[in-house]
Amino acid sequence: MPRKKKMKILNAVSEVVPFMATGGMGQVAGALASSLAENDKSLDIRIVAPLYARFRSKYEPQMKFLGATEVTLAWRTLYCGVYELAQDGVTYYFIDNRRYFDREDAYGYVDDGERFAFFSKAVFAAIEITKFMPDVIHTHDWQTALVPIYLKTHFGGKYSGIRTVFTIHNMEYQGQMPPDIMHDVFDIAEKDVNIVWYDKCINLMKGAIVCADKVTTVSPSYADEIQISGGYGLEPIIRENAYKLSGIINGIDTKTYDPETDPLLGKNTYSAENLKGKKANKKKLQAFFKLPNAPQKMLICIVSRLVSHKGIDLITFLLDDLLKLDVQFLLLGTGEHSYELFFEDKAIHHPDKVAVSIAYNPDIAGMIYAGADVLLMPSRSEPCGLAQMIACRYGTIPIVRHTGGLGDTIHDCRLGDGNGFVFEDYNTRALMDTIFSALDLYTNHEEDWSNLVRKAMSLDFGWQKSARDYSNLYRELESK
Ligand code: GLC
């Protein structure tokens, strides 16, 4: 029997682990590709991403230069180099342009629109240089939203066989840009303006939703929510395109996040059967953050971007009340400056109860997941959320608000067979009541708490099922 031809998938993404990750999208892009490469041999999956200064020198010796070309963006002619790197069964292509990517951070510059317009055009240049002609290009969030758009507006003829998937990791960031850069930066001709025009400005996410063959988002509940009220203004567009929308829950990389083998834990690895190591990690964590060594005190933590939709405003309102309880509070994250100052100030005034690290640091995050008792995620909206799943894996019990992927992954133990605590209403009272419940179980029902920890640790948050859902989605496009 002739062997079936592999289906070629090119993931175009603005960040990917282990090279660059500022948040969940980079983790998801990397872990999904690795899982697909390992489990679905009928796919040839590759990734194209910008070559940022942050990892350039570290990986350059292992990279192979494949060639360079010129990319045009309106009146600009821009250098575009392409490098290749194979890692863990996945081939990565990196787009080189020092002017755009030799910067400390991935985002946050005035010319971000131009940088990612260049990158989106460069994806097509990379197809030429690598000779990897994909059946599907899978793009993520506004940074690569221009790929499905350009496929319609600029490259339709030559690449008309390519299908596109656009994944929404967060509706809040839509790539809204001022109209005056429509032609000059985005190179969108007058006849195509309607594609990206929305609510008096350019909206790249809207353009991608309209142009992509399939739109996905990162949990089934979020796929419902964004059609009704969680779409940050794009609800009508999502509803019109609901026929091609689906919600596929993210997984986590269960090999990396494994308390039995995680090198970060040193000799204090542990498992659901033997939780001794978890206690040792708590002690280490308290020492690291200079909190009193208090094995019996419930250690509540937050690992999050410090922005209001993550529920950080709720935390600021109730922290004083929380600190009246016999608990310790730990926070790791960066974000809005006013929040950073607020938490730093609390740490100064309550050094025996509060510790804060204003940073994005996966190693410290790992120590927290292993050593804490409770993780708070009271998000106002949460497309999927990864921290609650990582916390479960390390036996740290999540307290979450019932929204998006949080509701899909965490079930309230007060209602039966749960793996955490869940509250509905977005207010401090609902959150505080839930913290009281958790504290009561932790303090007065030690055995039940340990059972809950074991339950949370035993759940499967791996990628396998969701990777299969993505494979099936790609296959649907193949038959069209
Ligand atoms: C974004 C979302 C988060 C999701 C992640 C990965 O960061 O805010 O909920 O888990 O993307 O898809």
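In what follows, the structure referred to is the one given above.
So, a few notes on the structure that sits alongside this text.

A look at the environment of Arg 46
Here's step 1: Summarising the element assignment, Arg 46 is placed in strand β2 (residues 43-50).
Here's step 2: You can call Arg 46 buried: its relative accessible area is 18%.
Here's step 3: Taking the C-alpha atoms as reference points, Arg 46 and Thr 91, separated by 45 residues in sequence, lie 5.0 Å from one another.
Here's step 4: With near-sequence residues (within four places) excluded, Arg 46 lies in contact with Ile 9, Leu 10, Asn 11, Thr 91, Tyr 93 and Phe 132.
Here's step 5: Among the polar contacts listed, one links the side chain of Arg 46 to the side chain of Asp 44, at a separation of 2.9 Å.
Here's step 6: Polar side-chain contacts of Arg 46 include one of 2.7 Å to the side chain of Tyr 93.

A closer look at the packing of helix α5 (residues 146-153) against helix α7 (residues 204-211)
Here's step 1: Running from N to C, α5 and α7 cross one another at 60°; their axes reach a closest spacing of 8 Å. Considering the angle they form, α5 stands oblique to α7. The hand of the α5/α7 crossing is left-handed. Along the contact surface, α5 presents Leu 146, Pro 148, Ile 149 and Lys 152, while α7 presents Leu 204, Gly 207, Ala 208 and Cys 211.

Focus: the site of the ligand
Here's step 1: Every one of the 13 residues lining the ligand counts as a neighbour, but His 169, Asn 250, Glu 382, Cys 384 and Gly 385 are closest to it.
Here's step 2: The contact in question runs from an oxygen atom of the ligand to an N or O atom on the side chain of His 169, over 2.6 Å.
Here's step 3: Contacts to the ligand include Asn 170, whose side-chain N or O atom sits 3.2 Å from an oxygen atom.
Here's step 4: When isolated, the ligand has an accessible area of 310 Å², and the protein chains bury 92% of it.
Here's step 5: Taken together, the residues of the shell around the ligand break down into six nonpolar, five polar and two charged.

Quick word on helix α18 (residues 464-478)
Since the α-helix packs 3.6 residues into each turn, any two residues three or four apart lie on the same face.
Here's step 1: Between the first and last C-alpha of α18 there are 21 Å, a value that for 15 residues agrees with the 21 Å anticipated at 1.5 Å per step.
Here's step 2: All buried positions along α18 are accounted for by Ser 466, Ala 467, Tyr 470, Ser 471, Leu 473, Tyr 474, Arg 475 and Leu 477.

Concerning the pattern of salt bridges
Here's step 1: Counting across every chain of the model gives 27 salt bridges.
Here's step 2: Where Glu 114 meets Arg 99, a salt bridge forms, and the shortest distance between an N and an O atom there is 3.1 Å. Of the two residues, Glu 114 sits in helix α4 (residues 112-130) while Arg 99 sits in helix α3 (residues 98-101), which places them 15 residues apart along the sequence.
Here's step 3: In this structure, the salt-bridge partner of Arg 380 is Asp 313, at a minimum N-O distance of 3.5 Å. In this pair, Arg 380 sits in the loop between β16 (374-377) and α14 (387-393) while Asp 313 sits in helix α11 (residues 312-322), placing the two residues 67 residues apart along the sequence.
Here's step 4: Linked by salt bridges that have partners in common, Arg 76, Arg 99, Glu 114 and Asp 184 make up one network.

Cut-offs and rules
Residues numbered from 1 in each chain as written. Predicted model: local features only at pLDDT ≥ 70, side-chain atom pairs only at ≥ 80, totals over all residues. Heavy atoms only, no water. Helix = DSSP H or I, 4+ residues; strand = E, 2+ residues; numbered from the N terminus. Buried < 20%, exposed > 50% of the residue type's maximum accessible area, 1.4 Å probe, protein only. Contact = heavy atoms within 4.5 Å. Polar contact = N/O pair within 3.5 Å; in protein donor to acceptor, adjacent residues only side chain to side chain. Axes fitted to C-alpha atoms, helices over the stretch in contact; angles between N-to-C directions. Parallel < 35°, antiparallel > 145°, perpendicular 65-115°, else oblique. Left-handed = near helix turned anticlockwise from the far one by under 90°. Near = heavy atom within 4 Å. Areas by Shrake-Rupley, 256 points an atom, 1.4 Å probe, with all protein chains shown as cover. Nonpolar A, V, L, I, M, F, W, Y, C, P; charged D, E, K, R; others polar. Expected span 1.5 Å × (residues − 1). Salt bridge = Lys/Arg side-chain N within 4 Å of Asp/Glu carboxyl O.

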